[in-house]
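Examination of the molecular architecture
So the chains spell out like this:
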Amino acid sequence: MKLSLRQEQIIELVKENEPITSEAIAKELGLTRSAIRPDLSILTMTGILQARPKVGYVCVKNSNKGPKNSEIRNIKVKDVMSEPVLVKEDTPVYEAILTLFLNDTGTLFIENEGALLGAVSRKDFIKMAMGTADMHRVPVGIIMTRMPNIVSVSEEDSAFDAAKKIIEHQVDSLPVVRLELLRGKEVPKIVGKISKTTISMVFVKLGENE
Ligand code: ADP
C-alpha cells in the first residue's frame with residue numbers, strides 16, 4: 001500500500017512522540033482533527049498505528065522485523081563460505097584463465113604456503129588481453145591486486161557484514177582469512193571465500209524459511 005505524504009508524516013510524529021493524541025498530531029501538522037481522521041483510520045485499519053483509548057496513538061512494532069533482522073545478522077561467514085580457487089603467484093596468466101573457466105569462478109586468489117597474497121578477477125584478465133604482453137609468459141602475480149589492498153572477512157564476521165563490504169568495495173568476492181603464525185610471522189591464511197553468489201544463496205534460503 002502506498003502511503004500519502006501526510007500519512008507518512010503522521011507515522012513519523014507518532015514514532016517520535018508516542019503515545020500522542022489525535023489533537024496533538026493535528027496541532028503539529030497545523031490541521032484540524034477532522035482533517036486527519038481519515039488518515040488515522042487508514043493507519044489503524046492497516047495495523048500501522050494502534051489507538052489506545054485515553055492514551056493516544058502508538059506505532060505497532062512490526063513483529064516480523066526484529067527476528068528476521070537478527071536472523072540475518074546471526075549468520076556467520078564460516079557457516080556459508082565456500083572453497084576458494086587458489087593459484088600460485090608464478091602461474092602464467094594463460095593457465096590462470098584456464099583455471100578460472102575449469103572452476104566456473106570469477107575470482108582467483110593467489111597464495112603462498114596458504115598465506116593470501118592477492119586476488120585476480122575477470123576484469124584483470126580482460127585488461128591484460130587488451131595489451132600486447134604474452135599471457136603464456138606473464139605470471140598472474142604481475143596483474144593481481146596485491147595485499148594489503150585486498151578486502152577480506154574473518155570466519156566469525158556476519159554474512160551481513162560481508163555483503164556490505166562486497167557492495168561498499170564493489171568487488172565480486174572476498175577471501176575469508178584467519179591470522180596464523182608462519183615461521184614466527186603472523187600471516188593471513190586463506191580458509192574460504194564469500195562471493196555475490198554465496199550472498200544470493202543465503203538470501204534465497206532465508207526467503208524459503210520464512
Ligand atoms: P570483475 O573483474 O569480474 O568485475 P571484481 O569487481 O571483483 O571482478 O574485481 C574488480 C577489481 O578488484 C579487480 O582489479 C580485482 O583484482 C580486484 N579485487 C577482486 N576482489 C578483491 C578483493 N576482495 N579486495 C580487493 N580487490 C579485489
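Residues numbered from 1 in each chain as written. Predicted model: local features only at pLDDT ≥ 70, side-chain atom pairs only at ≥ 80, totals over all residues. Heavy atoms only, no water.

Ser121, Lys123, Asp124, Thr145 and Asp172 are the nearest of the 15 residues found near the ligand. With respect to the ligand, the side chain of arginine 122 contributes an N or O atom lying 3.3 Å from an oxygen atom. In this structure, an oxygen atom belonging to the ligand sits 2.5 Å away from a side-chain N or O atom of aspartate 124. Burial of the ligand by the protein chains amounts to 86% of its free accessible area of 540 Å². For the shell around the ligand, the elements supplying multiple residues, two or more each, are strand E5 (115-121), helix H7 (122-130) and strand E7 (173-182). Across the shell around the ligand, the residue classes break down as 6 nonpolar, 5 polar and 4 charged. (Near = heavy atom within 4 Å. Polar contact = N/O pair within 3.5 Å; in protein donor to acceptor, adjacent residues only side chain to side chain. Areas by Shrake-Rupley, 256 points an atom, 1.4 Å probe, with all protein chains shown as cover. Helix = DSSP H or I, 4+ residues; strand = E, 2+ residues; numbered from the N terminus. Nonpolar A, V, L, I, M, F, W, Y, C, P; charged D, E, K, R; others polar.)

A separate point is the pattern of salt bridges. A complete count under the given rule lists 13 salt bridges for this structure. Of the charged contacts in the structure, one is a salt bridge between glutamate 89 and arginine 146, with a shortest N-O distance of 3.1 Å. Taken together, the residues glutamate 89 in the loop between strand E3 (86-87) and helix H6 (93-102) and arginine 146 in strand E6 (residues 145-146) connect sequence positions 57 residues apart. You can call glutamate 89 partly exposed: its relative accessible area is 30%. When its relative accessible area of 40% is taken as the criterion, arginine 146 is described as partly exposed. (Salt bridge = Lys/Arg side-chain N within 4 Å of Asp/Glu carboxyl O. Buried < 20%, exposed > 50% of the residue type's maximum accessible area, 1.4 Å probe, protein only.)

Taken domain by domain, the protein consists of domain 1 (5-65) and domain 2 (74-205). Once you take the C-alpha centre of each, domain 1 and domain 2 turn out to be 50 Å apart. (Domains from an automatic or database assignment.)

Locating arginine 183 in the fold gives a position in the loop between E7 and strand E8 (185-195). Considering only alpha carbons, one finds arginine 183 and glutamate 28, 155 residues apart in sequence, at a separation of 68 Å. One polar contact links arginine 183 to glutamate 113, side chain to side chain, over a distance of 2.5 Å.

Annotation from UniProt places "domain: CBS" (unreviewed entry) at residues 80-135 and 144-210. Within the segment residues 80-135, helix and strand shares are 36% and 27% respectively, and the terminal C-alpha atoms sit 34 Å apart. (UniProt positions renumbered as here; feature names shortened; annotations may be inferred.)

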